[in-house]
Amino acid sequence: MIGTMERLTVWMARCLRDGDVAVVGVGTPVALAAVLLARATHAPRLRIMMPGALDPVHARVDIYLGSPAASVAGAAARLSRIDILDAIAAGEVTVQFVRPAQVDAQLRLNTELLATPSGPLHLVGPVALPDVVERVGRVIAYLPNHDITTLVASVDAVTAPRGSTGRAVSSVVTPLAQLSLASGRAVVTARAADTGMEEIRSRTGFPLDMAERPVLAEPAADELAALRTAVDPLRLIGLEDSRCRDDARRTLAELWAGANTRHRPLEAAP
Amino acid sequence: MIDRTEPRTEPVRCTLDELAALVGEGDSVVGGGLPLWRKPLALLRAVARSGVRGLTYSAFLASLDAELLVSAGCVAQLEYGYLGRDVLGSSRPLARRSDVVRRCRTEFEYWAALRARATGVDALPDAFGEPVPAAMYDVCVLHASLVDAAGNVYADPLDLMEEDDRLLAGAARRVLVTVERREDPPPSGATLLLPAGSVTAYAVAPQGAAPLGMSGAYPPDLADLLGSGVPR
């Protein structure tokens, strides 16, 4: 049985190319797993920039989530936040995943505010989303849920794009489909094998061209094996899935406690 | 502006409440740390107890620091790029708060302002080429691993935020620091975070980031962070 988040992670990993330069952090475990999975499978020369490190050596998501310092040991170089921002500004980053709360028919993204019947609900804020959409080569948005609350006709607040260049995200990946922009409108470019266009349309908050689309191949055995054993054996991608979030959080708490007892104390540092 | 005519000497060691008293009514305050790690929560609790009002609180990656000050009624304006609890989700205590003016800033914009101050120029461009004026705050609040007898402040050797904290401290008139402990001489390998001359005052506050974590010392307290929502 292939889990929804496993399918999403594998499809995201396939969006990455050998030789890409990707920025990723620990706050989005699915994106981190996708990047690590791509490097472990079809993109061994994928260059990874994450807070603290260039090309961190560990293959497993849990190591990075366990301690913010885990990326540093063995990495090609230490990277500060400013180093990463400079690389983005200079156009050196070719791909980045982002996870908005809403995506609309023009593939605009919202991470700031939801208009609800009981008033505005503030979300996490823009972080670097407008900057990344403007400066990174390919920006791929992902949604753990494909439904009419996340894929909406018009976002409640436009976090990105913000610039005058008209740049938008390259694509959106959900557990049901991939979408991209054509003539200013979102279109489905591929769909899950077990999901028809009618179901996708009914779970999308804006009209879609109903022409038949190519089918996304289900995760292959080697991709699943790599994800489940080499990349995410503790199933921490579940932190982004409301159906199994509690289990993943318990695992995370154990990791934090363990990572700290294993952490090299200050006195023993070289 | 920072007074550059007088040499800066070693910082004053004080209690948490004395440190908090250096935050005044209406001050602009910038704070460091990651959402789940190394925020100066013991100091911010003392600030909340002091009853100060009208603060502008700024943290690019805000979490319990902002929740604590806003919940205590200290904050008039909140500036951030991210407000939440990292992999644990959004900031429930502040999600519906409408009594605080929010100013969301993008990552490029936020750090361009700090880098402009650090490099002594009036402005630097953001990701869209728009000039961002140099930042200046009244107070910077940080939590770190240790302080030596001279008042130099050190971070864990695998800390990821040295550069961030130096930029924050460089853009504030008063730099207030809490540390887990005082140790002299510092252990080999400790990373100098701030030299004594750039720190106004400090207090020793063991577990000063709890219930958030401190790299090399203690992890975030998941049960607390998933609890009632309002930080204590």
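Residues numbered from 1 in each chain as written. Chains lettered and ligands numbered in written order. Predicted model: local features only at pLDDT ≥ 70, side-chain atom pairs only at ≥ 80, totals over all residues.

What follows deals with the sheet that holds strand β11 (residues 151-152) of chain A. All names here are of chain A. Read across the sheet, three strands follow the order β7-β6-β11 without closing on themselves; strand pairing throughout is mixed. Strands with a single pairing partner mark the edges of an open sheet, and in this sheet they are β7 (109-110) and β11. The pairing of strand β6 (residues 102-104) with β7 spans two bridges and is classified as antiparallel. By the bridge assignment, V103 is partnered in β7 with L109. (Pairing = 2+ DSSP bridges. Helix = DSSP H or I, 4+ residues; strand = E, 2+ residues; numbered from the N terminus.)

Before going further, it helps to examine the confidence of the model for chain B. Model confidence for chain B is summarised by a mean pLDDT of 92, while 94% of its residues fall at 70 or above. Listed scores for the predicted complex are pTM 0.93 and ipTM 0.90. (pLDDT = per-residue confidence, 0-100.)

Tallying the contact residues gives 43 residues for chain A and 40 residues for chain B. Among the elements of the structure, α4 (81-89), β9 (119-122), α5 (129-135) and α8 (245-262) of chain A are those that each provide at least two residues to the side of chain A that touches chain B. Here the side of chain A that touches chain B takes seven residues from α8(A), the largest share from any one element. Tallied by class, the residues present in the side of chain A that touches chain B amount to 26 nonpolar, 10 polar and seven charged. (Contact = placed C-beta atoms within 7 Å. Nonpolar A, V, L, I, M, F, W, Y, C, P; charged D, E, K, R; others polar.)

Residues and elements named next belong to chain A. Structurally, the position occupied by S154 is in the loop between β11 and β12 (171-173). With 13 C-beta atoms packed within 10 Å, S154 lands in the partly exposed category. The spacing of S154 and P126 is 28 residues in sequence and 17 Å in space, taken between C-alpha atoms. (Buried ≥ 20, exposed ≤ 12 C-beta atoms within 10 Å, placed from the backbone.)

Our next topic: helix α5 (residues 107-119) of chain B. Residues and elements named next belong to chain B. Taking 1.5 Å of rise per residue, the 13 residues of α5 would be expected to cover 18 Å, and the 18 Å separating its terminal C-alpha atoms lies within 8% of that figure. When you tally the buried positions in α5, you get 12 out of 13 residues, the bulk of the element. Those residues of α5 lying buried are E107, F108, E109, Y110, W111, A112, A113, L114, R115, A116, R117 and A118. Downstream of α5 by a residue or two, G120 has a phi angle that is positive, lying close to 75 degrees. (Expected span 1.5 Å × (residues − 1).)

Bringing helix α6 (residues 162-170) of chain B into the picture now. Across the nine residues that make up α6(B), a large majority, seven, are buried. Among all positions of α6(B), only B:D164, B:D165, B:R166, B:L167, B:L168, B:A169 and B:G170 are buried. Each element contacted by the buried residues of α6(B) is listed here: α4 of chain A together with β2 (28-31), α5, β8 (137-147), β10 (172-182) and β11 (191-194) of chain B.

What follows deals with the sheet that holds strand β5 (residues 95-98) of chain A. All names here are of chain A. One open sheet holds the 10 strands; their spatial order is β4-β3-β2-β1-β5-β10-β12-β13-β14-β15, and the pairing between them is mixed. Strands with a single pairing partner mark the edges of an open sheet, and in this sheet they are β4 (77-79) and β15 (215-216). Here β5 runs beside strand β10 (residues 138-142); their pairing, made up of four bridges, is parallel. The partner of V95 across the bridge, within β10, is R138.

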